[in-house]
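Close look at the chain arrangement
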Amino acid sequence: MSIITRDQWKAKPSNWPLKPFKGQPLAVAVLHHSVTSTGGANPAATVRAIQRDHLSSSRGFSDIAYNLLVGGANGAIYEGRGLEFHGGATTPAANPSTLALCALGNYHRAKPTTALLNGLAEAMYLAVCGGALSPTFELHSHRQYSATACPGKHLQAMLGALRAAAQLKIDQSTELAPTLSLEARVERLERHAGLGTP
């Protein structure tokens, strides 16, 4: 499974330049849920709606707050801010040093699908392959940082199983990609700012 890029889901440019992580690989990923629909067969529309909300003046984010998002019905993985820019979803103190993963859906009410759980494990594995996460990373939930029920009781209960599933993929991998080159990081910075090739 591959990551559906911002170009593919027709993301809007960031409100202002995003801030790269100061050091990678990161030691922690943080799991969130969107409290929206699961996206059904077309999660891209839900991802675009989340980005519109986050770009609005009332929210004040530079872009969609999550690094990666996963469709609740089909497990498709979407590039949010990407693997190299810190997000805005957890807390101001935690954002620069944690990778923010978002499950599309409301997991206070619904139990996660097998497709979602597989997609989240794959997203973490791909983040390790991309040099964004350490192979020994810890998986936390939003509620460990803020007074919130996020990512919902049903997804919270799966935290350990999700981390184990990601580790199985890591252990079975025969090759892990190196960290993004400087040239790749510059290209991504330009693209997020609307300066690069669409």
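As the structure is a computational prediction, the values presented were derived from the model and not from experiment. (Residues numbered from 1 in each chain as written. Predicted model: local features only at pLDDT ≥ 70, side-chain atom pairs only at ≥ 80, totals over all residues. Heavy atoms only, no water.)

With respect to the overall build of the protein
Counting its regular elements, the protein contains 6 helices and 6 strands. Each helix (α) and strand (β) of the protein, taken in turn from the N terminus, gives the series β-α-β-α-β-β-β-α-β-α-α-α. For the protein, the proportion of its 198 residues judged to be buried stands at 51%. A separation of at least 24 residues holds for 75% of the contacts in the protein among residues at least 6 apart in sequence. Roughly 9000 Å² of accessible area belongs to the protein as shown, and the carbon and sulfur atoms make up 57% of that amount. (Helix = DSSP H or I, 4+ residues; strand = E, 2+ residues; numbered from the N terminus. Buried < 20%, exposed > 50% of the residue type's maximum accessible area, 1.4 Å probe, protein only. Contact = heavy atoms within 4.5 Å. Areas by Shrake-Rupley, 256 points an atom, 1.4 Å probe, with all protein chains shown as cover.)

Some remarks on the confidence of the model for the protein
In this model, the protein carries an average pLDDT of 88, and 87% of its residues clear a pLDDT of 70 or more. Throughout residues 177-182 the model reports pLDDT below 50, and contacts reaching past four residues in sequence, or to other chains, amount to 10 contacts. (pLDDT = per-residue confidence, 0-100.)

Details of the sheet that holds strand S1 (residues 3-4)
Paired through their backbone hydrogen bonds, the strands of a sheet run either parallel or antiparallel. Overall, mixed pairing links the 6 strands, which are arranged S1-S4-S3-S5-S2-S6 in an open sheet. For this open sheet the edge positions go to S1 and strand S6 (133-141), each flanked by a neighbour on one side alone. As paired elements, strand S3 (residues 68-70) and strand S5 (residues 98-103) share 3 bridges and run parallel to each other. The residue of S5 that forms the bridge with valine 70 is alanine 103. Contacts between helix H5 (residues 159-172) and the sheet are confined to strand S2 (26-33) and S6, with S6 contributing the most and set at about 165 degrees to the helix. (Pairing = 2+ DSSP bridges. Axes fitted to C-alpha atoms, helices over the stretch in contact; angles between N-to-C directions.)

What about the packing of aromatic side chains?
Counted according to the given criterion, the structure contains 0 aromatic pairs. Over the ring of phenylalanine 137 we find arginine 163, and its NZ or CZ is 3.8 Å from the ring centre. (Phe/Tyr/Trp six-rings, centres within 6.5 Å; stacked < 30°, edge-to-face > 60°. Lys NZ or Arg CZ within 6 Å of the ring centre and 35° of its normal.)

Notes on the pairing of S2
Each regular strand shows side chains that alternate between the opposite faces of the sheet. S2 sits mainly inside the fold: 7 of its 8 residues count as buried. Pairing of S2 with S6 involves 5 bridges; the strand directions are parallel. Residue leucine 26 lies in a different strand from S6, and its bridge partner there is leucine 133. With 6 bridges joining them, S2 and S5 adopt parallel strand pairing. Residue pairing across strands places valine 30 opposite alanine 100, the latter belonging to S5.

Some points on helix H2 (residues 43-55)
At 3.6 residues per turn, the α-helix brings residues three or four places apart onto the same side. Look at H2: 18 Å from first C-alpha to last across 13 residues, which is about the 18 Å you get at 1.5 Å a residue. Within H2, burial applies to Pro43, Ala44, Thr46, Val47, Ile50, Gln51, His54 and Leu55. Here the buried face of H2 lies against helix H1 (6-9), S3 and strand S4 (77-79). (Expected span 1.5 Å × (residues − 1).)

Quick notes on the nonpolar core
Leu99 and Phe137 are the most contacted members of the largest nonpolar core, which totals 31 residues. Of all elements in the fold, only S2, S3, S5, helix H3 (114-129), S6 and H5 reach the threshold of two or more residues within this core. At 10 residues, H3 tops the list of elements feeding residues into this core. With 15 residues, the next largest nonpolar core counts Val47, Ala89, Cys102 and Leu104 among its residues. (Core = buried A, V, L, I, M, F, W, Y, C linked by side-chain atoms within 4.5 Å.)

Let's talk about the side chain of histidine 86
Looking at where histidine 86 falls in the secondary structure, it is placed in the loop between S4 and S5. We classify histidine 86 as buried; its relative accessible area is 15%.

Thoughts on H5
Given a rise of 1.5 Å per residue, 14 residues ought to cover 20 Å, and the 20 Å separating the end C-alpha atoms of H5 matches this to within 8%. Regarding H5, the residues found buried are Leu159, Leu162, Arg163, Ala166 and Ile170. Looking straight down H5, one finds that the buried residues subtend no more than 95 degrees of arc, so they occupy a single side. Turned more than 90 degrees away from the buried face of H5, the exposed residues are Gly160, Asp171 and Gln172. For H5, the secondary structure elements touched by its buried residues are S2, H3, S6 and helix H4 (153-156). (Arc of directions from axis to C-beta.)

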